[in-house]
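Commentary on secondary and tertiary structure
As a plain string of letters, each chain reads:
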Amino acid sequence: MATPPRKSGPDLGPLGESAKAHDALLRELYKSVLPLLAKSDVPLFIKVFVAGFIFMGIYASGSVLILLADVATSFSDRRIDVRTYLISFAATLGVLLLAISVVARAALRYESERALEANMVAVTRARRQRMPDHAVAVRR
Amino acid sequence: MADEIRILSTVSGKGGVGKTIISSNLARMIAYDRKVLLIDFDFPNQGLTGLFADQVRAACYNARELIFGSDDIDIERVLTIRPNLMFIPAFDPADQDRFDLRIERFSRADLLARINKRLRLLLDNFGFDIVMLDCHGGLDSISFSSFILSDRTIIISEPDKITFNGTLELIDYYEKSWTELFEENNEADSDTLRAARSLYSPHGRQGIRHEKVLFLLNRVSGRFSYDGLTRLYKAQVEGNSAFASHIIGRYVFIPADSILAQSVSEYPLYIELAPESIFCQKLELIHFYAFDARPRVPGRWFTYFIFERKRHRALERQLTSVEEQRTRAVFSFVTLVQFGLLMATVWVGFEASMINSHETTKNQNLSVTHPSLVASWAVFIGLGLLGSSWLNILIAKYYRDISRFELRLFKLGRRRTAAVTLARLVRSVGARGYLLVSSVLFVFIGFMILVAAIAQLLGLHPPW
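Parameters and conventions
- Residues numbered from 1 in each chain as written.
- Chains lettered and ligands numbered in written order.
- Predicted model: local features only at pLDDT ≥ 70, side-chain atom pairs only at ≥ 80, totals over all residues.
- Heavy atoms only, no water.
- Helix = DSSP H or I, 4+ residues; strand = E, 2+ residues; numbered from the N terminus.
- Buried < 20%, exposed > 50% of the residue type's maximum accessible area, 1.4 Å probe, protein only.
- Contact = heavy atoms within 4.5 Å.
- Areas by Shrake-Rupley, 256 points an atom, 1.4 Å probe, with all protein chains shown as cover.
- Buried area = accessible area lost by both parts, 1.4 Å probe.
- Salt bridge = Lys/Arg side-chain N within 4 Å of Asp/Glu carboxyl O.
- Polar contact = N/O pair within 3.5 Å; in protein donor to acceptor, adjacent residues only side chain to side chain.
- Nonpolar A, V, L, I, M, F, W, Y, C, P; charged D, E, K, R; others polar.
- Pairing = 2+ DSSP bridges.
- Axes fitted to C-alpha atoms, helices over the stretch in contact; angles between N-to-C directions.
- Core = buried A, V, L, I, M, F, W, Y, C linked by side-chain atoms within 4.5 Å.
- Patch = residues over 30% accessible without salt bridge, like charges linked within 9 Å, V, L, I, M, F, W, Y side chains within 5 Å.
- Expected span 1.5 Å × (residues − 1).
- Parallel < 35°, antiparallel > 145°, perpendicular 65-115°, else oblique.
- Left-handed = near helix turned anticlockwise from the far one by under 90°.
- pLDDT = per-residue confidence, 0-100.

Considerations on the overall build of chain B
On a plain count of helices and strands, chain B comes out with 17 helices and eight strands. Counting across all 464 residues of chain B, residues that qualify as buried make up 54%. Excluding contacts between residues fewer than 6 apart, the proportion of contacts in chain B whose partners are at least 24 apart in sequence is 79%. Surface summary for chain B: the accessible area is close to 20,500 Å², and the carbon and sulfur share equals 58%.

Right, dumping it as structure tokens:
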């Protein structure tokens, strides 16, 4: 039996497998995360964070795939342009740090206000149990 | 809020929320333009009496005498603590019976009528424009009378569970007391209450003026947002009480101030020490809400009008203290520098490896002064210098506040050791000078380095 002629260049089979695994993982992730964006009771900063998170997922996943493909092809015929990756990762990391600090600030405010609100609600609920039935001086 | 304001009161549901400091400083601010009488109605704690202890003399006219004594007000015995600012402490310090106040001997209606009569006497016969009442933090009849009789009441609270509960209790107490006072066949039939009503009941049967309350939330921080806090308090205070909704007009938030906390033990009136501070600007805001006019605040450095004065909207929304801003800036800068260093190290390492492989193919040695390497590092150094300059300016502001504080304390005679004051001033002024000069140098050098480095990286010559 004649063996099929071997293709020149690297074997990209494992790369395809890992691409499929990435794809499945991202799909599962977004299936659970995307509905958050449609909810009206989710604060805006969380939606922005989720949108950024989705973008970063796609970006990181794509970058890994491109890097793997680049590494695989570099064995045969060309050099990797590491400088492009450095610039790309530095810029992304910088933006990510900035985004995290902005979101963290918004999140701190959100959490503090929710905590205060919970305290206030606890107080008003407790007070309602012992509200006197005297007539109020001014009614709306 | 354009109608005439003659009586202001500060009240709170619990003690320790900053009522005394706010009322004394606000009274001082109003006294720049008007004749003010400040009265300490906080009999249990005597906050103002303690604050002005070095000016309170034996046999001075006091609040106990004002309420429980005769109608003859001996104005000669009223203390003058500043031009246009007179003060009635809670007690005569020599009074041996001061713990035996016996408020319970008087009904609410009696107290209301008595206080009303005496305040009217003070306003009409002795030429005071404003009477400011500092009340007890908690529920008491004198606080209730002050609330009813004042044209504007400042309810002071803090953003926590305990104070919130106390504040709601206070508002409920006022509502209940007012309602009971007008119930049929109750105290409403007494002559004294009728007299009190006829003397001061400008709004008819309902009595309590709409939106007379400024709700002041003290010691807030950047953990909250202006919109969030306003929404929360509107919903939780006004949403649960029609009475609260009727009386509350405005919300004001005052951030914590570490120098203010420090100054209380050194000098009673912070706005004289730091008229440029956010605290003083917030009091201006309260003054504006109460009187529809900005006060005249003397003693401000010219730099205030260039760098420190906040616009009305920004001032309303200011929740972070200056100290909090500085701390945050330092943390951000340290994070940025670390990130920059990490990036610089990776980048320069890569550049070095590339140059190394390229040069060695030509059998040449890599030099650490290779233009590409130097330019890469220089970009980060330039950026670091610009960031340092920004940070230095922020820290210099701290030394500016401290040096102003020390200098004014010295001028007001609160620093006995001139040498120590001088040393402190030299330290803070020197530190500030160094920080400002280094900032200018950092900006200049950082900018030059940055331009040269970018030109080098792009293969261009710098413009010089």
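As for the overall build of chain A
The number of helices and strands found in chain A is four helices and zero strands. The proportion of buried residues among the 140 residues of chain A is 19%. Sequence separation of 24 or more characterises 60% of the internal contacts of chain A that already satisfy a separation of 6 or more. Surface summary for chain A: the accessible area is close to 10,100 Å², and the carbon and sulfur share equals 67%.

Things to note about the interface of chain A and chain B
Facing 34 residues of chain A, the contacting portion of chain B comprises 38 residues. Counting each side, the surface lost to burial between chain A and chain B is near 3,300 Å², with a carbon and sulfur contribution of 63%. Along the contact surface separating chain A from chain B lie two salt bridges. At the junction of chain A with chain B, the criterion picks out seven residue pairs in polar contact (both at pLDDT 80 or more). When the residues that make up the side of chain A that touches chain B are grouped by side-chain class, the tally is 17 nonpolar, five polar and twelve charged.

Details of the pattern of salt bridges
Residues and elements named next belong to chain B. Evaluation of the coordinates by the stated rule reveals 30 salt bridges over all chains. The salt bridge partner of glutamate 266 is arginine 415, with a shortest N-O separation of 2.6 Å. In this pair, glutamate 266 is assigned in the loop between helix H10 (258–263) and helix H11 (270–273) and arginine 415 in the loop between helix H16 (371–411) and helix H17 (418–457), connecting sequence segments 149 residues apart. Residue glutamate 266 is classed as partly exposed on the basis of its relative accessible area of 21%. On the basis of relative accessibility, which here comes to 14%, the residue arginine 415 falls in the buried class.

Some points on the sheet that holds strand S5 (residues 130–137) of chain B
Residues and elements named next belong to chain B. Spatially, eight strands are ordered S3-S4-S2-S5-S1-S6-S7-S8 in an open sheet, and the strand pairing comes out mixed. The open sheet has two edge strands with one neighbour each: strand S3 (79–82) and strand S8 (248–255). On average, each strand axis in the sheet is inclined to that of its neighbour by 25°, with strand direction left out of account. Contacts from helix H1 (residues 19–30) reach strand S1 (7–12), strand S2 (36–41), S3, strand S4 (85–88), S5, strand S6 (152–157), strand S7 (213–220) and S8, with the element oriented near 175° to S5.

Remarks on the side chain of asparagine 392 of chain B
Mapped onto the secondary structure, asparagine 392 of chain B falls in helix H16. With residues up to four places along the chain from it excluded, the contact list for asparagine 392 of chain B reads Leu435, Ser438, Ser439 and Phe442 of chain B.

Section: the pairing of S5 of chain B
All names here are of chain B. Taken across its eight residues, S5 has eight buried, putting it largely inside the fold. Of the strand pairs in this sheet, S1 and S5 are connected by five bridges, and their pairing is parallel. In the sheet register, serine 9 faces S5, and the bridge partner there is leucine 133. Looking at chain direction, S2 and S5 are connected through six bridges and run parallel. Residue leucine 37 lies in a different strand from S5, and its bridge partner there is valine 131.

Things to note about the nonpolar core
Across soluble globular proteins, you tend to see nonpolar side chains buried next to one another. Ile39, Phe41 and Tyr233 of chain B are the most contacted members of the largest nonpolar core, which totals 65 residues. The biggest single contributor to this core is helix H6 (residues 161–181) of chain B, with eight residues.

Digging into a nonpolar patch on the surface
Among the surface-exposed residues, Phe302, Phe305, Ile306 and Phe307 of chain B lie close enough to one another that they form a single nonpolar patch of about 510 Å² accessible area. Here phenylalanine 302 of chain B is to be found in helix H13 (residues 302–308).

Focus: H6 of chain B
Residue and element names in this part refer to chain B. If you check H6, its first and last C-alpha atoms are 30 Å apart, about what 21 residues at 1.5 Å a residue would give, namely 30 Å. H6 sits mainly inside the fold: 16 of its 21 residues count as buried. Looking at where H6 begins, the residue whose side-chain oxygen comes 3.1 Å from the main-chain nitrogen of isoleucine 162 is aspartate 160.

Some remarks on the environment of threonine 20 of chain B
All names here are of chain B. Summarising the element assignment, threonine 20 is placed in helix H1. For threonine 20, a relative accessible area of 16% corresponds to the buried category. A C-alpha to C-alpha distance of 20 Å links threonine 20 and arginine 250, two positions 230 residues apart in sequence. Ignoring anything within four residues of it in the chain, the contact list for threonine 20 reads Gly47, Leu48, Leu51 and Asp134.

A word on the environment of glycine 47 of chain B
Residue and element names in this part refer to chain B. Positionally, glycine 47 belongs in helix H2 (residues 47–51). Taking the C-alpha atoms as reference points, glycine 47 and valine 264, separated by 217 residues in sequence, lie 12 Å from one another. Not counting chain neighbours up to four residues away, the residues in contact with glycine 47 comprise Thr20, Asp40 and Asp42.

Some points on the packing of helix H4 (residues 82–128) of chain A against H6 of chain B
The contact between H4 of chain A and H6 of chain B brings their axes to 9 Å, and the two run at 40°. Here H4 of chain A lies oblique to H6 of chain B, going by the angle between them. The crossing of H4 of chain A and H6 of chain B is right-handed. Only Lys161, Phe164, Asn165, Leu168, Glu169 and Asp172 of chain B of H6 of chain B make contact with H4 of chain A, whose side of the interface consists of Asn119, Met120, Ala122, Val123, Thr124 and Arg127 of chain A. For the contact of H4 of chain A with H6 of chain B, the residue count by class is five nonpolar, three polar and four charged.

Digging into the pairing of S7 of chain B
Put simply, side chains in a regular strand alternate between the two faces of the sheet. Residues and elements named next belong to chain B. Most of S7 sits out of view: seven of its eight residues are buried. Here five bridges tie S6 to S7, and the two strands are oriented parallel to one another. Along S7, the bridge assignment pairs threonine 153 with valine 213. Looking at chain direction, S7 and S8 are connected through seven bridges and run parallel. Residue pairing across strands places asparagine 218 opposite isoleucine 254, the latter belonging to S8.

As for helix H5 (residues 141–149) of chain B
Taken across its nine residues, H5 of chain B has eight buried, putting it largely inside the fold. Restricting attention to buried positions, one finds in H5 of chain B the residues Ile142, Ser143, Phe144, Ser145, Ser146, Phe147, Ile148 and Leu149 of chain B.

Thoughts on unusual backbone geometry
Even without a glycine there, the phi angle at glutamine 46 of chain B is positive, about 50°. As for its position among the elements, glutamine 46 of chain B is in the loop between S2 and H2.

Brief notes about the confidence of the model for chain A
On average, residues of chain A score 76 in pLDDT, and 83% of them reach the 70 mark or higher. Per-element confidence in chain A ranges from a low mean pLDDT of 77 for helix H1 (residues 13–33) of chain A to a high of 85 for H4 of chain A.

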